[in-house]
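# Descriptive structure summary
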Amino acid sequence: MVRPYLFTADTVRFLADEVATESFAAEVAYDLQPGDVVALSGDLGAGKTVFARAVIRALAKAARTRIGEVPSPTFTLVQQYELGGQTVYHFDLYRLGDASEAWELGIEDAFADGICLIEWAERIEDLLPGRTVRIELAYGPTENARVARIVAPETGL
């Protein structure tokens, strides 16, 4: 089956506020399937967690699954969600001491059969699969605005 790709080329999106960031994340969520990896990078407070939470909420809504609060995995390093027969992994690698520690978190299994959202993904750059979509979030021209630079994988999402 040929899958429509959300990202076929590198793109820049202006996000006027947090609601726009959440809407963009929901667009991304619509196209995600098991085996997809979304690497999120950007300064502290740039919107990585807002984006990841919005993707998880959108996937839960699509799966008609109630999930309640979506905590940041800052201290646990990974949160796992079972949503409509698919597993979503939310990694926050800010506290990771070394890239090799990602293996202890089960990231290899997550890459193989889950949907992965990885904050601070640059900390494991060499471990990311070639099919990874990279989304770099940066502060925009106003306090709540953000700019998302999407770097599509060579093979599409």
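Residues numbered from 1 in each chain as written. Predicted model: local features only at pLDDT ≥ 70, side-chain atom pairs only at ≥ 80, totals over all residues. Heavy atoms only, no water.

### Some details on the nonpolar core
- Among the nonpolar cores identified, the biggest contains 27 residues, and Phe24, Phe51, Val55, Val88, Leu117 and Ile135 are the most heavily contacted of them.
- Breaking this core down by element, the ones donating at least two residues are helix H1 (18-31), strand S2 (37-42), helix H2 (48-62), strand S3 (78-83), strand S5 (115-119), strand S6 (133-139) and strand S7 (146-151).
- No other element matches H2, which puts seven residues into this core.
- Dropping the residues within four chain positions of it, Phe51 is found in contact with Thr21, Phe24, Ala25, Val28, Val38, Leu40, Ile135 and Leu137.
- Formed by 16 residues, the second largest nonpolar core is a distinct cluster that contains Ile107, Ala110, Trp120 and Ala121. (Core = buried A, V, L, I, M, F, W, Y, C linked by side-chain atoms within 4.5 Å. Buried < 20%, exposed > 50% of the residue type's maximum accessible area, 1.4 Å probe, protein only. Helix = DSSP H or I, 4+ residues; strand = E, 2+ residues; numbered from the N terminus. Contact = heavy atoms within 4.5 Å.)

### Some points on the sheet that holds S7
- The strand order S1-S7-S6-S2-S5-S4-S3 describes an open sheet built from seven strands, whose pairing is mixed. Each edge of the sheet is formed by a strand with only one pairing partner; in this case those strands are strand S1 (11-15) and S3. Across this sheet, the average inter-strand angle for adjacent strands is 15°, counted without regard to direction.
- Along the sheet face, H1 touches S1, S6 and S7 and points at about 140° away from the line of S1.
- Lying over the sheet, H2 contacts S2, S3, strand S4 (86-92), S5 and S6, oriented at roughly 165° with respect to S5. (Pairing = 2+ DSSP bridges. Axes fitted to C-alpha atoms, helices over the stretch in contact; angles between N-to-C directions.)

In short, shape yes, function no, at least from these values alone.
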